[in-house]
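Commentary on secondary and tertiary structure
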Amino acid sequence: MASLVRHVTIDCADPYGLAGFWVEVLDGALGKDDNPGDDEVLVESAGVSLLFIRVPEGKAVKNRIHLDLQPQDRSRDEEVERLVAAGATVLADRRTPDGKGWVTMADPAGNEFCVERSQAERIATDSAGA
């Protein structure tokens, strides 16, 4: 049997604070025993579990791995607006005039992630070209 990814681990200075941002992004929940000041904080959601671990050093270079988010109940553009309001920053806008593409963003700690089109948008734009 193959291994399964139990959770994705993210190094950061403030695990509880950053986990709060990702709880909002993923409509998830904090681990039942997680509290402010903890060195490890878990975010559980339907799609993935993220584990935030306190490290002394800050982020110095581009992520070697990142998350690609696909909105479930709104458009890509609506999701980008929601995430900016929650504290994310737009780093690069790779949206194209035909409705395809993505937006590269950073969470409050500078960790990069992308927002792709929703499934409904994929169906609409992919069938429009056919």
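In case you missed it, the structure is sitting above this.
Okay, so let's go over this structure.

What to know about the pattern of salt bridges
Scanning the entire structure with this criterion turns up 8 salt bridges. Among the salt bridges present, the one from D77 reaches R95, with a minimum N-O distance of 2.7 Å. Taken as a pair, D77 in helix 2 (residues 76-86) and R95 in the loop between strand 6 (89-93) and strand 7 (103-106) lie far apart in primary sequence, 18 residues in all. Judged by its relative accessible area of 32%, D77 is partly exposed. Its relative accessible area of 31% is what places R95 among the partly exposed residues.

Here we look at the sheet that holds strand 4 (residues 49-54)
Pairing is mixed in the open sheet, where 4 strands are placed in the order 1-4-3-2. Of all strands in the sheet, those with a lone pairing partner are strand 1 (8-12) and strand 2 (29-30), marking the two edges. Sheet topology note: the strand 3 (residues 40-44)/strand 4 ladder contains 5 bridges and is antiparallel. Within the sheet, the bridge partner assigned to L42 lies in strand 4 and is L51. Strands in contact with helix 1 (residues 15-26) are strand 1, strand 2, strand 3 and strand 4; relative to strand 4, the strand with the most contacts, it is inclined by about 165°.

Thoughts on the packing of aromatic side chains
In total, this model carries 2 aromatic pairs according to the counting rule given. With 5.0 Å between their ring centres and 70° between their planes, W22 and F113 make a pair best called edge-to-face. With W22 in helix 1 and F113 in strand 8 (residues 112-115), the pair connects residues that are 91 residues apart, well separated along the chain. Exposure remark for W22: the relative accessible area of 2% places this residue in the buried category. Feature note: the residues F21, W22 and F113 constitute an aromatic cluster, connected by ring pairs.

Quick look at helix 1
In this model helix 1 runs 16 Å from its N-terminal to its C-terminal C-alpha over 12 residues, within 8% of the 16 Å that 1.5 Å per residue would give. Taken together, the buried positions of helix 1 are occupied by P15, L18, A19, F21, W22, V23 and V25. Looking at the residues trailing helix 1, positive phi occurs at D27, about 50°.

Quick word on the environment of A13
Its location among the elements puts A13 in the loop between strand 1 and helix 1. Using a relative accessible area of 59% as the deciding quantity, one classes A13 as exposed. When the C-alpha positions of A13 and K59 are compared, they lie 9.3 Å apart, and in sequence the two are 46 residues distant. Excluding residues within four positions of it along the chain, A13 makes contact with R54 and V55.

Some thoughts on the nonpolar core
Counting 21 residues, the largest nonpolar core has W22, L50, F52, L69, L83, M105 and F113 as its most contacted members. Of all the elements in the fold, those that place two or more residues in this core are strand 1, helix 1, strand 3, strand 4, strand 5 (67-69), helix 2, strand 7 and strand 8. For this core, the element with the highest residue contribution is helix 1, accounting for 6 residues. Non-local contacts of L69, meaning those with residues more than four positions away in its chain, are made with W22, V25, L26, L83, F113, C114, V115 and E116.

Quick notes on the rules
- Residues numbered from 1 in each chain as written.
- Predicted model: local features only at pLDDT ≥ 70, side-chain atom pairs only at ≥ 80, totals over all residues.
- Heavy atoms only, no water.
- Salt bridge = Lys/Arg side-chain N within 4 Å of Asp/Glu carboxyl O.
- Helix = DSSP H or I, 4+ residues; strand = E, 2+ residues; numbered from the N terminus.
- Buried < 20%, exposed > 50% of the residue type's maximum accessible area, 1.4 Å probe, protein only.
- Pairing = 2+ DSSP bridges.
- Contact = heavy atoms within 4.5 Å.
- Axes fitted to C-alpha atoms, helices over the stretch in contact; angles between N-to-C directions.
- Phe/Tyr/Trp six-rings, centres within 6.5 Å; stacked < 30°, edge-to-face > 60°.
- Expected span 1.5 Å × (residues − 1).
- Core = buried A, V, L, I, M, F, W, Y, C linked by side-chain atoms within 4.5 Å.

Remember that the coordinates give geometry; whether it matters functionally is a separate question.
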